[in-house]
Structure formats: C-alpha cells, structure tokens
Amino acid sequence: MAPVVKEWPQTSMERIAYDAVRSVPVLEDNDRNRLGYHIFLFLKGEFPDVAEAVHIAQPRMHCSKEEAVRLISTALAEARNGEVS
C-alpha cells in the first residue's frame, strides 16, 4: 500500500512557491521542482530577488529567463493579494 501524501496548506510558503512556477514552460518536471525549491528559498529570504533564484536554479525552459521571472513574479503578486492562480 502506497503511503498517503499530505498536501501543503494553501497559505504555506511551499505551496505558494511551487504554485508560482506552475505556468513556467520547462523541459522536465525536475526542472520545475528545482525552480519551485529556489523560489521557496527566495520567499524565505535566501535570494535578493526572483531573477537571482531563477538564475541559480538553472531550469531548462521553453522561454527566456526574463519571461520566467515575469510569470513567477505575477503569480507571487496574485498569491499575496489572495487570488487563486
């Protein structure tokens, strides 16, 4: 029997970070997971901005880094305003 996977609460930093990268077109799921983790580190204050987190994560994407930063920043702003993405 497979273990039950417990989901993060809607307002947790983890959920916000991984939801923020959902719309970024990446080559593989691992690229999205790595990007989500680095956005989580940004939310914890370990990176000065989203652009630095994206740069350090080095995700393989079907868009430019600038577009990824725009998509993620928009999703984070919506999460701060209480909107569901």
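Parameters and conventions
- Residues numbered from 1 in each chain as written.
- Predicted model: local features only at pLDDT ≥ 70, side-chain atom pairs only at ≥ 80, totals over all residues.
- Heavy atoms only, no water.
- Helix = DSSP H or I, 4+ residues; strand = E, 2+ residues; numbered from the N terminus.
- Rg over C-alpha atoms; globule rule 2.2 N^0.38 Å.
- Buried < 20%, exposed > 50% of the residue type's maximum accessible area, 1.4 Å probe, protein only.
- Contact = heavy atoms within 4.5 Å.
- Areas by Shrake-Rupley, 256 points an atom, 1.4 Å probe, with all protein chains shown as cover.
- Lys, Arg positive; Asp, Glu negative; His and termini not counted.
- Charge placed at Lys NZ, Arg CZ, Asp CG, Glu CD.
- Core = buried A, V, L, I, M, F, W, Y, C linked by side-chain atoms within 4.5 Å.
- Expected span 1.5 Å × (residues − 1).
- Phe/Tyr/Trp six-rings, centres within 6.5 Å; stacked < 30°, edge-to-face > 60°.

K.L.:
Would you mind going over the overall build of the protein chain with me for this structure?
P.N.:
Looking only at helices and strands, one finds 4 helices and 0 strands in the protein chain. Ordered by position from the N terminus, the helices and strands of the protein chain form the series α-α-α-α. The globule rule puts the C-alpha radius of gyration for 85 residues at 12 Å, and the 13 Å found for the protein chain is close to it. In the protein chain, buried positions account for 34% of the 85 residues. Across the protein chain, contacts joining residues at least 24 apart in sequence account for 47% of those joining residues at least 6 apart. Here the protein chain has roughly 5600 Å² of accessible surface; of this, 54% comes from carbon and sulfur atoms. Positive and negative side-chain charges of the protein chain, numbering 10 and 13 respectively, have mean locations separated by a distance of 3 Å.

K.L.:
Whenever I open this one, the side chain of Arg15 confuses me. Can you help?
P.N.:
The residue Arg15 is located in helix α1 (residues 13–20) in this model. Taking relative accessible area as the criterion, Arg15 reaches 12% and is therefore assigned buried. If near-sequence neighbours (up to four positions away) are discounted, Arg15 is found in contact with Glu7, Trp8, Pro9 and Gln10.

K.L.:
Would you mind showing me how to read the nonpolar core here?
P.N.:
Across soluble globular proteins, you tend to see nonpolar side chains buried next to one another. One finds Val24, Leu35, Ile39, Val50 and Ile72 to be the most contacted residues of the largest nonpolar core, which totals 23 residues. Within the residue set of this core, elements represented by two or more residues are α1, α2 (29–43), α3 (50–57) and α4 (65–80). A per-element tally of this core places α4 first, with 6 residues.

K.L.:
Would you mind showing me how to read α2 here?
P.N.:
Residue pairs three or four apart in sequence face the same way in an α-helix, which turns once every 3.6 residues. Compared with the 21 Å implied by 1.5 Å per residue over 15 residues, the 21 Å span of α2 between its first and last C-alpha is a close match. Residues Asp31, Leu35, Gly36, His38, Ile39, Phe40, Leu41 and Phe42 constitute the buried set of α2. If you follow the buried residues of α2, they end up packed against α1, α3 and α4. The first or second residue beyond α2 is Gly45, which carries a positive phi of 95°.

K.L.:
It is not clear to me how the packing of aromatic side chains should be interpreted in this structure. Could you clarify?
P.N.:
Pairs of aromatic rings are described using the distance from one ring centre to the other and the angle between the two planes. Across all of its chains, the model carries 1 aromatic pair by this definition. Considering the side-chain rings of Tyr37 and Phe40, the 6.4 Å spacing of their centres and the 35° angle between planes classify their relative orientation as tilted. On the criterion of helical spacing, the pair formed by Tyr37 and Phe40 is a turn pair, its members being 3 residues apart in helix α2.

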